[in-house]
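Observations on the three-dimensional arrangement
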Amino acid sequence: YFYGELGLTKDVPRARELWTEAAELGSVEAHYRLGLVYYSGNDVEDKPRCIRHWQQAAMTGHAGSRHNLGAVEHENGNHQLAVQHWMISA
């Protein structure tokens, strides 16, 4: 639904709803995708919720989430913490 491919109509709220359900069931990739949606503001911009989803995914070893947490810390001026996130994600 997010991209509107494979014959589906693009429906970002529906994609967010499905990823939320998947995240509640333990999907690490769903946490990562929800973080991207909330960070970019495609549907709803909610940076604190984005961070929580990326943290959930990063704690299970998801390198992309850990990298994105480093990028957010870098943007916020927390360079040492950013480097720590990036080193873990490498």
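Preceding block: the structure.
Residues numbered from 1 in each chain as written. Predicted model: local features only at pLDDT ≥ 70, side-chain atom pairs only at ≥ 80, totals over all residues. Heavy atoms only, no water.

1. Concerning the packing of aromatic side chains
Formally: Within 6.5 Å between ring centres, the rings of Phe, Tyr and Trp (the latter by its six-membered ring) count as paired, and their orientation is classed by plane angle as stacked under 30 degrees, edge-to-face over 60, tilted in between. Helix and strand assignments follow DSSP, with helices taken as H or I runs no shorter than four residues and strands as E runs no shorter than two, numbered in order from the N terminus. Both a distance and an angle decide whether a charge sits over a ring: NZ of Lys or CZ of Arg must be within 6 Å of the ring centre and within 35 degrees of the ring normal.
Summed over the entire model, instances satisfying the criterion amount to one aromatic pair. Between tyrosine 39 and tryptophan 54, the aromatic rings sit 5.6 Å apart at their centres with planes inclined by 35 degrees, giving tilted as the arrangement. Taken together, the residues tyrosine 39 in helix α2 (residues 28–40) and tryptophan 54 in helix α3 (residues 47–58) connect sequence positions 15 residues apart. Of note, lysine 47 hangs over the ring of tyrosine 39, and the distance from its end group to the ring centre comes to 4.3 Å.

2. Quick notes on the pattern of salt bridges
Applied cut-off: Each salt bridge in this description consists of a side-chain nitrogen of Lys or Arg and a carboxyl oxygen of Asp or Glu lying within 4 Å of one another. A simple rule labels every residue: compare its accessible area, found with a 1.4 Å probe on the protein chains alone, to the largest value its type can have, and call it buried under 20%, exposed over 50%, or partly exposed in between.
Following the criterion strictly, the structure yields four salt bridges and no others. Here glutamate 17 and arginine 14 are joined by a salt bridge, their closest N and O atoms 2.6 Å apart. Here arginine 14 and glutamate 17 lie together in helix α1 (residues 12–24), a separation of three residues that amounts to about one turn. In this structure, glutamate 45 engages lysine 47 in a salt bridge whose closest nitrogen and oxygen atoms are separated by 3.9 Å. The class for glutamate 45 is exposed, based on a relative accessible area of 54%.

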